[in-house]
Amino acid sequence: MIYGGMRSMKGMVTETSVLDPEEGIRFRGYSIPECQKLLPKAAGGEEPLPEAIWWLLCTGEVPDEKQTTAISKEWAARADLPDHVVRMLDNFPANLHPMAQFVSAIAALNSESKFAQAYSRGVHKSTYWEYTYEDSMNLLAKLPTIAAVIYRNLYRDGSSVGVIDPTKDWSANFAAMLGYDDPLFTELMRLYLVIHSDHEGGNVSAHTSHLVGSALSDPYLSFSAAMAGLAGPLHGLANQEVLVFLSKIVKDLGHSYTEKDLHDWVWNHLKSGQVVPGYGHAVLRKTDPRYECQREFALKHLPKDDLFRLVSTLYKITPDILLKQGKAKNPWPNVDAHSGVLLQYFGMTEMNYYTVLFGVSRAIGCLSQLIWARGMGLPLERPKSHSTEGLMKLAAAVKK
């Protein structure tokens, strides 16, 4: 297990969510379908609001509409960026990856940290969580603005993101700043930002945020480190790899294929030593509930889309192929198998940007975890390392 990345080794406490291998994610005890049913929604909307999942993760309680609206207004009021961050974003070269820009802008917000200022004044450690909360609220408010400036600079000729509307929810303002006015896209953003928000504490982004935060780095530095982890192809960048994979299938088979055609293509793809991205998970041993709720959204709103049909057909044939191959512990699709297809449908074709959206969402989980870590006074994380020689001695001693 040590050589295998310590996968599934129990070694930390996370209060906000728990991932069960057979059941999937539960946010404070609530499944995704339960959250979709219980959490407040925008007027006329059907998907839960990210503000509501933030309240749930921070407090353990399902908020009412008034409480959720209060969070929306708070974030709208705190959304403006410092001038130095805007100048930095505007001066980045066009070939700098969106995630590198995202990480840098978040770290630069360290200039605004209430926690760092309070720590330098020597406040009592029992109050650390209060300043962490203030930084977290400010960061969550500003992340859509940062993400929208990056998007506009790279893909919309640097056009203005516009002005925050204090009467709109977080997702609606984010969609508008990106330049999308389709109400269904806004609904997709609400769903996307909720289901990607938290996935217990051991994934790379959440664990990185926890580790850096345990050194009492402020939330801006802690979360920027988390986003550097999210940018990796084995974590957040996987949704982009799924679309590249789908485009290869379309190039070879077009859209007029049979299930046998697709079966043979996937089998030959695996035989060539490649993988099917979007399938398998480090913990889950069933279809990811986050995949399932995105599939329900697609069945309702874009049932005839060619890429959705391809994803659906892959869902029918791929698990059996992976099981027959005999190498997959979990042959079922995960969240990344579906998310890019939905974004493509609404016109967001810039794959390099998808992980930034993931990052905006993941802030809800990382920062709520950080507030609780400060409130509980969790110590500096410092696991013990072994050399291979030392491990061999331990193993030899056990054998005796």
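Since this is a predicted model, take the numbers as computed values, not measurements.

**Q** Would you take a moment to explain the nonpolar core for this structure?
**A** For soluble globular proteins, the rule of thumb is that nonpolar side chains tend to be buried together. Counting 103 residues, the largest nonpolar core has Trp 54, Phe 102, Leu 178, Phe 223, Leu 246, Met 348 and Tyr 353 as its most contacted members. Among the elements that take part in this core, helix H7 (residues 128-155) stands out by supplying 11 residues, more than any other. There are two domains that each give this core at least three residues, and those are domain 1 (17-234 + 360-376) and domain 2 (236-346). For Trp 54, the contacting residues outside a window of four places in its chain are Ile 71, Trp 75, Tyr 133, Ser 136, Met 137, Leu 140, Ile 364, Leu 367, Ser 368 and Ile 371.

**Q** Sorry, what's going on with the domain arrangement of the protein here?
**A** You'll often see interface size given as the accessible area lost when the parts meet. What the domain assignment lists for the protein is domain 1 (17-234 + 360-376) and domain 2 (236-346). On a C-alpha basis, the centres of domain 1 and domain 2 stand 28 Å from each other. The interface is formed by 29 residues belonging to domain 1 together with 22 residues belonging to domain 2. Inspection of the domain 1/domain 2 interface yields 1 salt bridge. Between Lys 300 and Glu 46 there is a salt bridge, and its shortest N-O distance comes to 2.3 Å. The set of elements that each furnish at least two residues to the side of domain 1 that touches domain 2 consists of strand S1 (17-20), strand S2 (24-27), helix H1 (32-38) and helix H9 (183-195). A per-element tally of the side of domain 1 that touches domain 2 places H9 first, with 8 residues. Residues of the side of domain 1 that touches domain 2, tallied by class, amount to 15 nonpolar, 6 polar and 8 charged.

**Q** Sorry if this is basic, but what is going on with the sheet that holds S1 here?
**A** Each strand in a sheet pairs with another by means of backbone hydrogen bonds, the pair being arranged parallel or else antiparallel. Judged by pairing direction, the sheet is antiparallel, and its 3 strands sit side by side in the order S1-S2-S3 without closing on themselves. Every interior strand has two partners, whereas the edge strands, S1 and strand S3 (30-31), have only one. Bridge count for S1 against S2 is 4 bridges, and the pairing is antiparallel. Of the residues in S2, the one forming a bridge with Val 18 is Arg 26.

**Q** Whenever I open this one, the pattern of salt bridges confuses me. Can you help?
**A** Note that side chains of opposite charge can pair when their charged atoms are close. Inspection of the entire model under this criterion finds 12 salt bridges. With a shortest N-O distance of 2.8 Å, Arg 290 and Asp 288 are connected by a salt bridge. The exposure classification of Arg 290 matches that of Asp 288, with both residues buried. Of the charged contacts in the structure, one is a salt bridge between Lys 393 and Glu 389, with a shortest N-O distance of 3.8 Å. Linking Lys 393 with Glu 389, this pair stays in helix H18 (residues 388-399), spanning 4 residues, or about one helical turn. The residues Lys 393 and Glu 389 share a single accessibility class, namely exposed. In the salt-bridge network here, residues are joined through shared partners; they are Glu 23, Arg 26 and Glu 34.

**Q** Please clarify how the UniProt feature "active site" (unreviewed entry) in the protein should be interpreted in this entry.
**A** As annotated by UniProt and renumbered to match this structure, "active site" (unreviewed entry) occupies His 235, His 281 and Asp 336. Maximum C-alpha separation among the annotated residues is 10.5 Å over a sequence range of 102 residues, consistent with a single clustered spot. Among the structural elements, His 235 can be located in the loop between helix H11 (219-230) and helix H12 (238-253). Ignoring any residue separated from it by four or fewer positions in sequence, one finds His 235 in contact with Asn 203, Val 204, Ser 205, Gly 229, Leu 230, Asp 336 and Arg 362. By the element assignment, His 281 lies in the loop between helix H13 (259-271) and helix H14 (289-301). Since its relative accessible area comes to 23%, His 281 is described here as partly exposed. Every residue in contact with His 281, bar those within four places of it in the chain, is listed here: Leu 19, His 199, Arg 290, Asn 330 and Asn 334.

Basis of the calculations
- Residues numbered from 1 in each chain as written.
- Predicted model: local features only at pLDDT ≥ 70, side-chain atom pairs only at ≥ 80, totals over all residues.
- Heavy atoms only, no water.
- Core = buried A, V, L, I, M, F, W, Y, C linked by side-chain atoms within 4.5 Å.
- Buried < 20%, exposed > 50% of the residue type's maximum accessible area, 1.4 Å probe, protein only.
- Helix = DSSP H or I, 4+ residues; strand = E, 2+ residues; numbered from the N terminus.
- Domains from an automatic or database assignment.
- Contact = heavy atoms within 4.5 Å.
- Salt bridge = Lys/Arg side-chain N within 4 Å of Asp/Glu carboxyl O.
- Nonpolar A, V, L, I, M, F, W, Y, C, P; charged D, E, K, R; others polar.
- Pairing = 2+ DSSP bridges.
- UniProt positions renumbered as here; feature names shortened; annotations may be inferred.

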